[in-house]
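Structural overview
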Amino acid sequence: GEVHARKKRTETAPGMMADVLMAESSAIKENRELKTRLEDFDDAMPTRKIDPTSIVRSKWANRHEKSFLDKKFRQLKSEIESAGGNVQAIKVRPVRPLAGQDAKYEVVFGHRRHQACLELGFNVLALVEDVSDAELFAEMDRENRQRADLRPYEQGVMYAKALDEGLFPSMRKMGESLGVDVGGISKLVALAKLPAKVLQAFESPLDIHFQWGAP
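Quick notes on the rules
- Residues numbered from 1 in each chain as written.
- Predicted model: local features only at pLDDT ≥ 70, side-chain atom pairs only at ≥ 80, totals over all residues.
- Heavy atoms only, no water.
- Buried < 20%, exposed > 50% of the residue type's maximum accessible area, 1.4 Å probe, protein only.
- Helix = DSSP H or I, 4+ residues; strand = E, 2+ residues; numbered from the N terminus.
- Arc of directions from axis to C-beta.
- Contact = heavy atoms within 4.5 Å.
- Polar contact = N/O pair within 3.5 Å; in protein donor to acceptor, adjacent residues only side chain to side chain.
- Pairing = 2+ DSSP bridges.
- Phe/Tyr/Trp six-rings, centres within 6.5 Å; stacked < 30°, edge-to-face > 60°.
- Core = buried A, V, L, I, M, F, W, Y, C linked by side-chain atoms within 4.5 Å.
- Axes fitted to C-alpha atoms, helices over the stretch in contact; angles between N-to-C directions.
- Parallel < 35°, antiparallel > 145°, perpendicular 65-115°, else oblique.
- Left-handed = near helix turned anticlockwise from the far one by under 90°.

Turning next to helix H8 (residues 182-192). Those residues of H8 lying buried are Gly184, Ile185, Leu188, Val189, Leu191 and Ala192. Projection of H8 onto a plane perpendicular to its axis shows the buried side chains occupying an angular sector of 150 degrees, all on one side. Those residues of H8 that are buried lie in contact with helix H6 (152-164), helix H7 (171-178) and helix H9 (196-199). The backbone nitrogen of glycine 183 has a side-chain oxygen 3.1 Å away, supplied by the residue at the start of H8, namely aspartate 181.

Structurally, valine 180 can be placed in the loop between H7 and H8. When its relative accessible area of 18% is taken as the criterion, valine 180 is described as buried. For the pair formed by valine 180 and aspartate 141, sequence separation is 39 residues and the distance between their alpha carbons is 9.8 Å. Setting aside its immediate chain neighbours within four residues, valine 180 contacts Asp141, Arg145, Tyr159, Gly175 and Ile185.

Moving on to the pairing of strand E4 (residues 105-109). Across the five residues that make up E4, a large majority, five, are buried. Two strands pair when backbone bridges link them, and strand E2 (residues 55-56) and E4 are joined in this way by two bridges, in the parallel orientation. Bridging across to E4, isoleucine 55 finds its partner in tyrosine 105. Bridge count for strand E3 (residues 90-94) against E4 is four bridges, and the pairing is antiparallel. Note on E4: the bridge partner recorded for arginine 93 is glutamate 106.

Glancing now at the packing of aromatic side chains. For any pair of aromatic rings, the description consists of the separation of the ring centres together with the inter-plane angle of the planes. All chains considered together, the criterion is met by two aromatic pairs. Both rings, one in phenylalanine 137 and one in tyrosine 159, keep their centres 6.3 Å apart while their planes meet at 40 degrees; by these two values the pair is tilted. One end of the pair, phenylalanine 137, is in helix H5 (residues 133-147); the other, tyrosine 159, is in helix H6, with 22 residues separating them in the sequence. Between phenylalanine 137 and phenylalanine 168, the ring centres sit 5.5 Å apart and the planes meet at 65 degrees, which makes this aromatic pair edge-to-face. Within this pair, whereas phenylalanine 137 is found in helix H5, its partner phenylalanine 168 is found in the loop between H6 and H7, the two being separated by 31 residues in sequence. Comparing phenylalanine 137 with phenylalanine 168, the two get one shared label, buried.

We now examine the sheet that holds strand E5 (residues 124-128). The strand order across the open sheet formed by five strands is E1-E5-E3-E4-E2, and the pairing between neighbours is mixed. Edge positions in the sheet fall to strand E1 (47-50) and E2, since each has one partner strand and no second. With four bridges joining them, E1 and E5 adopt antiparallel strand pairing. Bridging across to E5, arginine 48 finds its partner in alanine 126.

This brings us to the nonpolar core. The biggest cluster of nonpolar side chains holds 25 residues, and the ones touching the most others in it are Phe137, Tyr159, Phe168, Met174 and Leu178. The element best represented in this core is H6, accounting for six residues. In this structure, phenylalanine 137 is in contact with Trp60, Met158, Tyr159, Ala162, Leu167, Phe168, Met174 and Leu178, ignoring residues within four places of it in sequence. Leu76, Ile80, Val92 and Tyr105 belong to the second-largest nonpolar core, a separate cluster that totals 14 residues.

With that out of the way, let us pick up the environment of glutamate 143. Note on placement: glutamate 143 falls in helix H5. Through-space distance from the C-alpha of glutamate 143 to that of valine 108 is 9.5 Å; in sequence the pair is 35 residues apart. For glutamate 143, the contacting residues outside a window of four places in its chain are Gln88, Phe109 and Arg113.

Here the focus is the packing of helix H3 (residues 71-83) against helix H4 (residues 111-120). Relative orientation of the contacting elements H3 and H4 amounts to 60 degrees, with a least axis distance of 9 Å. The angle between H3 and H4 falls in the class oblique. Considering the relative orientation of H3 and H4, their crossing is right-handed. The residues of H4 that touch H3, namely those facing Lys72, Phe73, Leu76, Lys77, Ile80 and Glu81, are Arg112, Arg113, Gln115, Ala116, Cys117, Glu119 and Leu120.

What follows is the structure, encoded as C-alpha cells:
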C-alpha cells in the first residue's frame, strides 16, 4: 500500500520533482550543519611537529645565553624529556632561508622550549602563522609578560633593540602599541644600556633587578 503509493508517486513528474527537492533540502541542511561545525575551528590553528634545526631564533630574541643554563631551564628541559616533547606549543612564522642557512621558520615565542627540543633532539610542537615584525614583537612581549619568567635585563634588551631598529618611532608609541607603561619601558631600556663595566660587576646581567637601573 504505502510503499506502492510512494513508488507510484516517484514515477510521475511531480513525484520525481518532490524527491529532488527533498534531497536538495537534506543536502542544504547537512552543509549548513557542517559549516556551523567548521566555524567552531575558525580561530584554531593546527599544530605540527617541526625539526628544531629548521627554526631560528627571532631577530628580536631577548633571551640571554645564561637563561639557557639556569635551574628553570634545566627543569623545563627535564619536563619536556619526560613527556617526549613540548606539550605547550611554541609559535613560529615562515621565513625565506638566508644564504648558507636551511631555516624555514623563525620563533615568534617559545625560545626556551625550542632550545630544549633542539638540545634533546626532539621535533618541536609548533603553531605556524605568517605575522609581521610588529605582530611578532607584540605577541612575544605579551607571552613573556604572561609567563613572567623574562628577566628585566632581557626585557630591556628586547625593547632597546626594537627602538634602535625603528620598529616603533618612540617609547610612547611602543607603550601605546603594547599596552605597557612608558615609564616602565624607560627603566627597562636603561638596564639594557648600562655600561659594560657595570654589567661585568655581576655574575650575570640576569641578576640585575628592575629597580636597580637608576642607582
